[in-house]
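Survey of secondary and tertiary structure
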Amino acid sequence: MYWFAGTIHQTIIKRMRTTMTMTTRRGKEEEESNTVLFFVLILVIMAIRILSYGLMPLHPLWLGALAEGLRGVVVGLYRSTSTVHIHQMAPPELCASVSLLAGAVYQGLGRSIGSLVGGYLQNTLGTSQTFLWLGSFDIIFAAVFMMMMMTAV
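Residues numbered from 1 in each chain as written. Predicted model: local features only at pLDDT ≥ 70, side-chain atom pairs only at ≥ 80, totals over all residues. Heavy atoms only, no water.

Attention now goes to a nonpolar patch on the surface. A surface patch of nonpolar side chains, amounting to about 570 Å² of accessible area, comprises Leu 101, Val 105, Leu 109, Ile 113, Leu 116 and Val 117. Residue position: Leu 116 is located in helix α4 (residues 95–125). Taking relative accessible area as the criterion, Leu 116 reaches 65% and is therefore assigned exposed. (Patch = residues over 30% accessible without salt bridge, like charges linked within 9 Å, V, L, I, M, F, W, Y side chains within 5 Å. Areas by Shrake-Rupley, 256 points an atom, 1.4 Å probe, with all protein chains shown as cover. Salt bridge = Lys/Arg side-chain N within 4 Å of Asp/Glu carboxyl O. Helix = DSSP H or I, 4+ residues; strand = E, 2+ residues; numbered from the N terminus. Buried < 20%, exposed > 50% of the residue type's maximum accessible area, 1.4 Å probe, protein only.)

See below:
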């Protein structure tokens, strides 16, 4: 699944480059805008996945399959996009160290804090409501992130 998501990532970037040739942005700025678009895409797909978990009591079979199928797509797109972004931002001699640090923050810190906060919300709100609230927050966060990045470019 990671290979498939990475292939999709490369295909979409090639397609975006051919459609963006008429704009004034070139080179590194164009590549940075591509990674920003992919991070927004990842947030939107993740929101659909989380909302699917929240709606599972209504239609458990097909929403569960959708949510689990989107997991591989999200992880594959995130890993490939973050690797591209790190190699764009970090100096060449530090790319490996920054990649390792980003993976540690994502796998260690992000998952442990997410588990603690998610467990608290699940205890307080209930499972379905927790996923619905987090999915809604993810959509809002994607919109705010996109607006911030559009004004920065």
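Turning our attention to the side chain of Ser 52. Within the element layout of this structure, Ser 52 appears in helix α2 (residues 28–54). When near neighbours in sequence (up to four residues on either side) are disregarded, Ser 52 contacts Leu 63, Leu 66 and Ala 67. (Contact = heavy atoms within 4.5 Å.)

The next subject is the layout of surface pockets. The volume enclosed by the largest pocket comes to roughly 1,400 Å³. Taken together, 29 residues make up the lining of the largest pocket; nearest its centre are Met 46, Ile 50, Tyr 106, Gly 110 and Gly 114. The biggest single contributor to the lining of the largest pocket is α4, with 10 residues. Per-class residue counts for the lining of the largest pocket are 17 nonpolar, 8 polar and 4 charged. Empty space within the second largest pocket amounts to approximately 160 Å³. Around the second largest pocket, the lining residues are Tyr 78, Arg 79, Ser 82, Thr 83, Ile 86, Ser 99, Leu 100, Ala 102, Gly 103, Tyr 106 and Gln 107. Counting only elements with at least two residues in the lining of the second largest pocket, the list comes to α3 (60–89) and α4. (1 Å grid on protein atoms, 1.4 Å probe; cavity = no way out; pocket = protein on both sides within 12 Å on 5 of 7 lines; lining within 4 Å. Points joined across faces, edges and corners; volume = space filled by probe spheres on them. Nonpolar A, V, L, I, M, F, W, Y, C, P; charged D, E, K, R; others polar.)

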